[in-house]
Amino acid sequence: FTGNGAFLVLPYWIHHHLQANATWYGIADGSWAMGTVFGSLSGGLLGRFSLRKTVGVMGIVEGLVLVVFAFVTNVPAASGLFLLAGIANGALNVLLLTMMQRAIPEEVRGRAFGLLMTILTAANPLAAFVAGISLAVVPVASWYLATAVTGCALGVGLWILMPDRAEEGPPADLAVESSAPPSQ
C-alpha cells in the first residue's frame, strides 16, 4: 500500500522536490525497475545464506535507503538510491515467494497465492486514491517515510518469523497443519 502510494507521487516528487524534468523521472523510475531485476536475479546467490537473515536484512536495507531517499536533493543520488532499494526489494520478493511456494501445502497453495494477489490488487488502487488526495494535506516525503517504516517492519518481522532455510518451512509454532490426506 505505502509503496504504491510512493510510486504514485514520484513524478510530483521529482518535479517539485528534486526540481527535475521528465527525463530524470524516467531515470529514477528505471533505476528502481533495473534494481528489482538485479535483486531478483541475485536470489540464487543469496539462497546459500540464512533465509531468515537475508530477507530480514533486505527489508531493513530497503527501508533505510528510502529514508535517505526522502531527504536527498540530488537527482543522480536519488536515482542511485532507488536502484539500491530496488535491488533489496527484488531479492526480498524472490526469496520470500520461493519460501512461500515451498512452505504452503500444495492443496491450498493456489488459494493462498490467490488471496495474496487479491490483497495486493485491492491495495494498489486504494493507495493511489489516498496518495492522490493526501498531497494537499501531508508532505510528499511522508509516503517515502511510510514506505521505509513498513519495509523495516517487514524486515524485522520476517527476521523473527522466517526459517533459516526455505526447505524448512515456517517455525513449528506457526506451521499450518494440513487436513488433507497425504498424497500417494
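Calculation notes
Residues numbered from 1 in each chain as written. Predicted model: local features only at pLDDT ≥ 70, side-chain atom pairs only at ≥ 80, totals over all residues. Heavy atoms only, no water. Helix = DSSP H or I, 4+ residues; strand = E, 2+ residues; numbered from the N terminus. Buried < 20%, exposed > 50% of the residue type's maximum accessible area, 1.4 Å probe, protein only. Core = buried A, V, L, I, M, F, W, Y, C linked by side-chain atoms within 4.5 Å. Phe/Tyr/Trp six-rings, centres within 6.5 Å; stacked < 30°, edge-to-face > 60°. pLDDT = per-residue confidence, 0-100. Contact = heavy atoms within 4.5 Å. Patch = residues over 30% accessible without salt bridge, like charges linked within 9 Å, V, L, I, M, F, W, Y side chains within 5 Å. Areas by Shrake-Rupley, 256 points an atom, 1.4 Å probe, with all protein chains shown as cover. Salt bridge = Lys/Arg side-chain N within 4 Å of Asp/Glu carboxyl O.

Counting secondary structure elements, the chain contains 8 helices and 0 strands. With 184 residues in all, the chain has 37% of them scored as buried.

Below, the discussion takes up the nonpolar core. Membership of the largest hydrophobic core comes to 25 residues, with the highest contact counts inside it found for Leu 10, Trp 13, Leu 18, Phe 69 and Tyr 144. The dominant element in this core, judged by the number of residues it contributes, is helix 6 (residues 75–103), at 5 residues. In this structure, Ala 88, Met 99, Met 100 and Phe 113 belong to the second largest nonpolar core, which totals 15 residues.

All right, on to unusual backbone geometry then. One non-glycine residue, Gln 19, adopts positive backbone phi at about 55°. If you trace the backbone, Gln 19 turns up in the loop between helix 2 (10–17) and helix 3 (22–41).

For the rest of this paragraph, the subject is the packing of aromatic side chains. One pass over the full model with this rule turns up 8 aromatic pairs. For the pair Trp 13 and Tyr 144, a centre-to-centre distance of 5.1 Å together with 55° between the ring planes defines the contact as tilted. With a gap of 131 residues between them, Trp 13 in helix 2 and Tyr 144 in helix 8 (residues 141–161) connect regions that are remote in the sequence. In this structure, Trp 13 and Tyr 144 share a single accessibility class: buried. Judged by centre distance (5.0 Å) and plane angle (65°), the ring pair of Phe 69 and Tyr 144 falls under edge-to-face. In this pair, Phe 69 is assigned in helix 5 (residues 51–71) and Tyr 144 in helix 8, connecting sequence segments 75 residues apart. Of the two residues, Phe 69 and Tyr 144, neither departs from the other in class, the shared state being buried. Following the ring pairs from residue to residue traces out a cluster consisting of Phe 7, Trp 13, Trp 32, Phe 69, Phe 82 and Tyr 144.

Along the polypeptide, Met 34 turns up in helix 3. On the basis of relative accessibility, which here comes to 41%, the residue Met 34 falls in the partly exposed class. Through-space distance from the C-alpha of Met 34 to that of Phe 82 is 9.4 Å; in sequence the pair is 48 residues apart.

Now for the confidence of the model for the chain. Mean pLDDT over the chain works out to 86, with 88% of the residues at or above the 70 mark. Mean pLDDT across the elements of the chain bottoms out in helix 4 (residues 43–46) (87) and peaks in helix 3 (95). Under a pLDDT of 50 for its full length, residues 172–184 has, in the predicted model, 5 contacts with residues more than four places off or in other chains.

What follows is about a nonpolar patch on the surface. Together, Val 57, Val 61, Val 156, Trp 159, Ile 160 and Leu 161 make up an exposed nonpolar region whose accessible area comes to about 490 Å². Those elements giving two or more residues to the nonpolar patch turn out to be helix 5 and helix 8. With 4 residues, helix 8 is the largest single contributor of residues to the nonpolar patch. As for its position among the elements, Val 57 is in helix 5.

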